[in-house]
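# Observations on chain architecture
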Amino acid sequence: MFNLVLIIIGLVAGTLSGLFGIGGGIIIIPALMYFCGFDQFKAQGTSLAILLPPVGILAFLEYYRKGNVDIKAAILICVAVLIGSMLGAKIVHQLPVTILKKGFALSLLFVAAKMFFSK
């Protein structure tokens, strides 16, 4: 049953990743916490392991074929993500879980409000 839950989480995250460019932070982390009992750190670490090349490569190729990829922007952001993720991984283990959860929730609320109220 646990493996089935993991497969469902992966299918939902993969589908939403292909549709909206989301998956890890918005889908996988909360799902691992609430449906699988992972703590915040384990959910984030697992999400990072999942979202490496296997998840995005097929969706990327489809977007690329349709001319919907800015390679230069992708490379620049990729390098920045590599650096930022390393820094974030070093910082996160120094934070209390309550601060981490609240910060994550606030970031989701900010993005949701921005999207809801923008034109």
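A quick note: this is a predicted structure, and the numbers were derived from the prediction, not measured.

What counts as what
- Residues numbered from 1 in each chain as written.
- Predicted model: local features only at pLDDT ≥ 70, side-chain atom pairs only at ≥ 80, totals over all residues.
- Heavy atoms only, no water.
- Helix = DSSP H or I, 4+ residues; strand = E, 2+ residues; numbered from the N terminus.
- Buried < 20%, exposed > 50% of the residue type's maximum accessible area, 1.4 Å probe, protein only.
- Contact = heavy atoms within 4.5 Å.
- Areas by Shrake-Rupley, 256 points an atom, 1.4 Å probe, with all protein chains shown as cover.
- Phe/Tyr/Trp six-rings, centres within 6.5 Å; stacked < 30°, edge-to-face > 60°.
- Lys NZ or Arg CZ within 6 Å of the ring centre and 35° of its normal.
- Core = buried A, V, L, I, M, F, W, Y, C linked by side-chain atoms within 4.5 Å.

## As for the overall build of the chain
When its secondary structure is counted, the chain shows six helices and zero strands. Along the chain, helices (α) and strands (β) appear in the sequence α-α-α-α-α-α when read from the amino end. Here the chain, with 119 residues, has 16% of them falling under the buried criterion. Counting contacts in the chain only where the partners sit at least 6 residues apart, residues at least 24 apart contribute 46% of the total. Put simply, the chain shows about 9000 Å² of open surface, and 75% of that area lies on carbon and sulfur atoms.

## Description of the packing of aromatic side chains
Counting across every chain of the model gives three aromatic pairs. Here the aromatic rings of F116 and F117 are separated by 4.9 Å at their centres, their planes lie at 85°, and the arrangement is edge-to-face. In this pair, the class of F116 matches that of F117, namely exposed. A cation over an aromatic ring shows up here: K42 above the ring of F38, its NZ or CZ 4.7 Å from the ring centre.

## Structural notes on the nonpolar core
Ranked by size, the top nonpolar core spans 11 residues in total: I9, A13, I27, I28, I29, A31, L32, M33, C36, F38 and A43. Of all the elements in the fold, those that place two or more residues in this core are α1 (2-20) and α2 (24-36). Top element by residues in this core is α2. It accounts for seven residues. Those residues in contact with L32 that lie beyond four places of it in its chain are L6, I9, G37, F38, A43 and T46.

Scope: geometric values only; no functional claims are made or implied.
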